[in-house]
Amino acid sequence: MYYSKSFIPTLKQSPTDAEVVSHKLMVRAGMIRQLAAGIYSILPLGLRVLKKVEQIIREEMDRIGGQEVFLPSIQPAELWQESGRWELYGKELMRLQDRHDREFCYGPTHEEVITDIIRREIKSYRQLPLLTYQIQTKFRDEVRPRFGVMRGREFMMKDAYSFHADETSVQDMYENMKQAYSNTFRRCGLDFKMVEADSGTIGGSFSHEFMVLADSGEDAVAFCDACDYASNVEKAAARIPAPVPPPKKLDDLKKIPTPGKKSVEDVTKFLKVSPQQIVKTIILENENGLVAGLVRGDRQINPVKLKNLIGCDWLHHAPESLITSKTKIPCGFIGPVKLDMKVYADHEVAVMHNFVTGANTKDAHYTGVQFERDIKAAQVGDLHEVQEGDPCPKCDKGRYQVKRGIEVGHIFILGTKYSSSMKANFLDEHGKENPMIMGCYGIGVGRTAAAAIEQNHDDKGIIWPAPLAPFQVVVIPVKFEEHSQRAACEEAYKILGELGIETLLDDRPERLGVKFKDAELLGIPLQIIIGPKNLENGQIEIKSRKTGVSELIDFPAGLQDIPNRLKNS
Ligand code: ATP
Ligand code: MG
């Protein structure tokens with residue numbers, strides 16, 4: 001591509017709303033432009049990168065027997081009502097009506113559509129297993145679209161769905177997927193971790209996420225520093241504490257005035273106790289009303305763990321107005337003693353003695369609280385969020401490390417969640433009808449490209465891993481208008497083309513400094529600089545974007561080695 005003919009609208013300034021470096025650089029490098037919140041146009045340079053990601057994904061899906069399909073983006077409401085997700089998915093689902101007032105949605109994911117096809121077409125165990133995938137636009141009306149294409153509302157996803165006759169078959173596929181995903185992200189040049197994950201609204205029984213470690217990540221990943229246990233913090237298990245023998249004499253329950261002392265910090269100072277002697281009562285709301293979760297004063301409750309313990313459809317922190325209107329107790333003084341709602345306690349709370357809680361009246365706390373004597377919990381479970389330094393639940397030696405991560409891929413074993421509700425059955429070898437066992441597997445295409453930038457950039461711009469680079473080489477003449485340089489550039493361009501290398505030839509009548517700045521911003525792995533002095537000696541300069549190291553090579557013979565250099569760059 002000749003730069004003068006290309007459409008690469010680079011910018012000096014970052015957009016004011018861009019919080020993360022990948023968003024800034026994708027806009028500055030002329031890869032994307034925003035149309036509306038979370039909705040982006042992909043410009044030529046951006047599309048070249050997305051196509052690279054797609055191609056790697058496609059090859060890895062094909063390698064494990066995936067067959068590519070292309071499903072409609074608009075889906076009828078009936079299918080979602082059948083699976084039960086029309087209600088459950090909430091506001092993230094973009095709903096629309098056609099001219100006959102029929103309800104549809106813009107697909108945020110495609111389990112319903114593919115299950116509908118498979119239940120019509122597949123009848124026998126002989127036709128299973130089956131793996132289909134597509135690479136397609138999704139729409140999710142995200143509460144907080146941000147970070148450019150990393151959390152867009154309209155975005156490209158690879159979604160794969162598999163159908164099986166038995167448990168062993170889906171497990172085999174799951175292992176193949178883990179391998180295919182690891183290959184994909186390795187080939188994209190990413191430093192990633194595979195972690196255990198919660199299954200969320202997609203549902204199902206078992207899942208892993210692929211996390212690109214980066215400070216800008218929206219997720220927190222906890223992993224053991226001694227064994228290979230790694231999990232999304234949403235799911236990371238806490239080690240169950242050993243029972244603590246009670247003191248010889250347990251204190252009596254005592255109500256103490258604590259005027260205006262609402263936070264754990266206020267109460268610890270006022271009563272001169274440590275946060276580990278306080279039990280926090282967190283009020284959450286689910287489809288059945290309000291519930292209370294108890295964690296130690298120095299801990300945060302993990303709503304995902306509590307949701308899974310209760311087994312409810314949804315759960316979130318209740319708004320303060322709802323809590324006070326229902327309980328008539330001001331927030332900051334709520335406690336579990338004789339509280340009129342279901343109480344769920346963290347394991348750590350169950351081994352505490354003589355602790356402090358809110359007293360369910362304004363300006364008062366209880367001291368000397370005892371777990372079973374004073375508090376009737378519906379259930380005790382693992383409810384707190386793990387922190388850096390906590391002991392690993394899986395091995396004896398390890399401690400948790402916690403780092404930020406960008407979720408680029410997610411794989412699930414769905415079991416029969418969709419096949420049961422949507423009656424996707426097959427006949428087994430005894431002629432008996434069974435629901436198919438399913439798996440589903442997603443990769444965010446744009447998010448993967450953005451994550452690559454988060455991990456590979458400097459203050460000058462992007463540093464593309466060669467497999468994702470929009471062009472692998474940029475040819476930069478000192479002065480294109482000068483005859484011998486122009487001839488050398490065109491020859492280099494031709495030879496590189498014959499070697500199958502995507503090359504950008506900067507033929508613009510710009511100052512050399514401008515050309516270098518743009519080459520660095522665009523992040524092209526190798527620059528070939530063609531100037532009069534070197535040419536006289538039959539040489540040209542090549543410079544690596546990543547290391548900044550330059551070297552002279554013979555022209556044109558040295559160009560034959562460029563494919564090799566790219567492999568190592
Ligand atoms: P998140 O927790 O980030 O919202 P999710 O669990 O909703 O992700 P999945 O439904 O598993 O995501 O989707 C599969 C993949 O699609 C994700 O791993 C991610 O790479 C990508 N993805 C999901 N939501 C978005 C989005 N809003 N913008 C860009 N990519 C996304
Ligand atoms: Mg989501």
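This is a predicted model, so every value here is computed, not measured. Per chain, the residues get numbers from 1 upward, laid out in the order the sequence is written. Whichever chain is written first is A, and whichever ligand is written first is 1; the rest continue in order. With the structure being a predicted model, the display of local features is reserved for residues of pLDDT at least 70 and the display and counting of side-chain atom pairs for 80 or more, all residues being used for whole-chain, interface and lining totals. Hydrogens are left out, water is left out, and the side-chain values use all remaining heavy atoms of the structure.

**Looking at the overall build of the protein**
Applied cut-off: Helix and strand labels come from DSSP, where a helix needs a run of H or I of at least four residues and a strand needs a run of E of at least two; each type is numbered from the N terminus. Categorising residues by exposure relies on relative accessible area from a 1.4 Å probe, with only protein chains included: less than 20% of the type maximum marks a residue as buried, more than 50% marks it as exposed, and the intermediate range marks it as partly exposed. The contact definition used throughout considers only heavy atoms, calling two residues in contact when any of these lie within 4.5 Å. Note on areas: Shrake-Rupley, 1.4 Å probe, and residue coverage restricted to the protein chains presented here. Asp and Glu are treated as the negative residues and Lys and Arg as the positive ones, with His and the ends of the chain left uncounted. By convention, charge coordinates are those of NZ in Lys, CZ in Arg, CG in Asp, or CD in Glu.
When you go through the protein residue by residue, the secondary structure sums to 17 helices and 31 strands. Each principal axis of the C-alpha atoms in the protein carries an extent, and together these give about 95 × 65 × 55 Å. For the protein, the residues scored as buried account for 52% of the 569 residues in total. Considering only residue pairs separated by 6 or more positions, the protein has 68% of its internal contacts joining residues 24 or more positions apart. If you sum the accessible surface of the protein, you get close to 26100 Å²; carbon and sulfur atoms cover 50% of it. Side-chain charges of the protein comprise 75 positive and 79 negative groups, with the mean position of each set lying 4 Å from the other.

**Remarks on the sheet that holds strand β28 (residues 503–505)**
Inclusion rule: Following DSSP output, two strands are said to pair if at least two bridges run between them. Orientation is described by axes fitted as lines to C-alpha atoms, over the contacting stretch for helices, and by angles from 0 to 180 degrees between their N-to-C directions.
Read across the sheet, five strands follow the order β28-β27-β29-β30-β31 without closing on themselves; strand pairing throughout is mixed. Where the open sheet ends on each side, the last strands, each with one partner, are β28 and β31 (550–554). Direction aside, neighbouring strands of the sheet carry axes that sit 25° apart on average. Sheet topology note: the strand β29 (residues 526–530)/strand β30 (residues 539–544) ladder contains four bridges and is antiparallel. Note that in β30 the partner of Q527 across the bridge is K543. Its contacts with the sheet put helix α15 (residues 512–522) on β27 (473–477), β28, β29 and β30, and the angle it makes with β27 is roughly 175°.

**Some remarks on the site of ligand 1**
Spelled out, the test is: One heavy atom within 4 Å of a molecule or strand makes the whole residue count as near it. Any pair of N or O atoms that falls within 3.5 Å is considered a polar contact. Within protein, one atom must be able to donate a hydrogen and the other to accept it, and sequence-neighbouring residues count only if both atoms are side-chain atoms. Ten residues, namely Ala, Val, Leu, Ile, Met, Phe, Trp, Tyr, Cys and Pro, are considered nonpolar, four, namely Asp, Glu, Lys and Arg, are considered charged, and the remaining ones, Gly among them, are considered polar.
As a matter of local geometry, ligand 1 sits amid 14 residues, with R140, E142, R151, G152 and E407 nearest to it. At a separation of 2.9 Å, an oxygen atom of ligand 1 approaches a polar side-chain atom of R140. At 2.5 Å from an oxygen atom of ligand 1 is found a side-chain nitrogen or oxygen belonging to E407. When the free accessible area of ligand 1 is taken as 580 Å², the share hidden by the protein chains comes to 86%. At the level of elements, β8 (154–164) and β21 (400–415) are the ones that each hand at least two residues to the shell around ligand 1. Considering each element in turn, the shell around ligand 1 owes the most residues, four residues, to β21. Its residues placed into classes, the shell around ligand 1 shows five nonpolar, four polar and five charged.

**Observations regarding a negative patch on the surface**
Operational definition: Only residues above 30% relative accessible area that lack a salt bridge enter a patch, with like-charged residues linked at up to 9 Å and the nonpolar side chains Val, Leu, Ile, Met, Phe, Trp and Tyr linked at up to 5 Å. For this analysis, a salt bridge means a side-chain nitrogen from Lys or Arg found within 4 Å of a carboxyl oxygen belonging to Asp or Glu.
The grouping of D166, E167, D172 and E429 at the surface amounts to a negative patch. For E429, a relative accessible area of 55% translates into the label exposed.

**Here we look at α15**
Where α15 is concerned, the buried positions are K515, D518, A519, E520, L521 and L522. Following α15 by one or two positions, G523 has its phi on the positive side, about 80°.

**Notes on the nonpolar core**
Test applied: The term nonpolar core refers to a set of buried residues drawn from Ala, Val, Leu, Ile, Met, Phe, Trp, Tyr and Cys, joined through side-chain atoms within 4.5 Å.
Ranked by internal contacts, the top residues of the largest apolar core, which has 62 residues, are M31, Y181, Y441 and W464. Among residues more than four places away in sequence, those in contact with W464 are M31, V49, A449, A452, I453, A469, P470, L522, G523 and P525.

**A word on helix α5 (residues 111–121)**
Of all 11 residues in α5, eight are buried, a share of seventy percent or more. Within the sequence span of α5, burial applies to E111, E112, V113, I114, T115, D116, I118 and R119.

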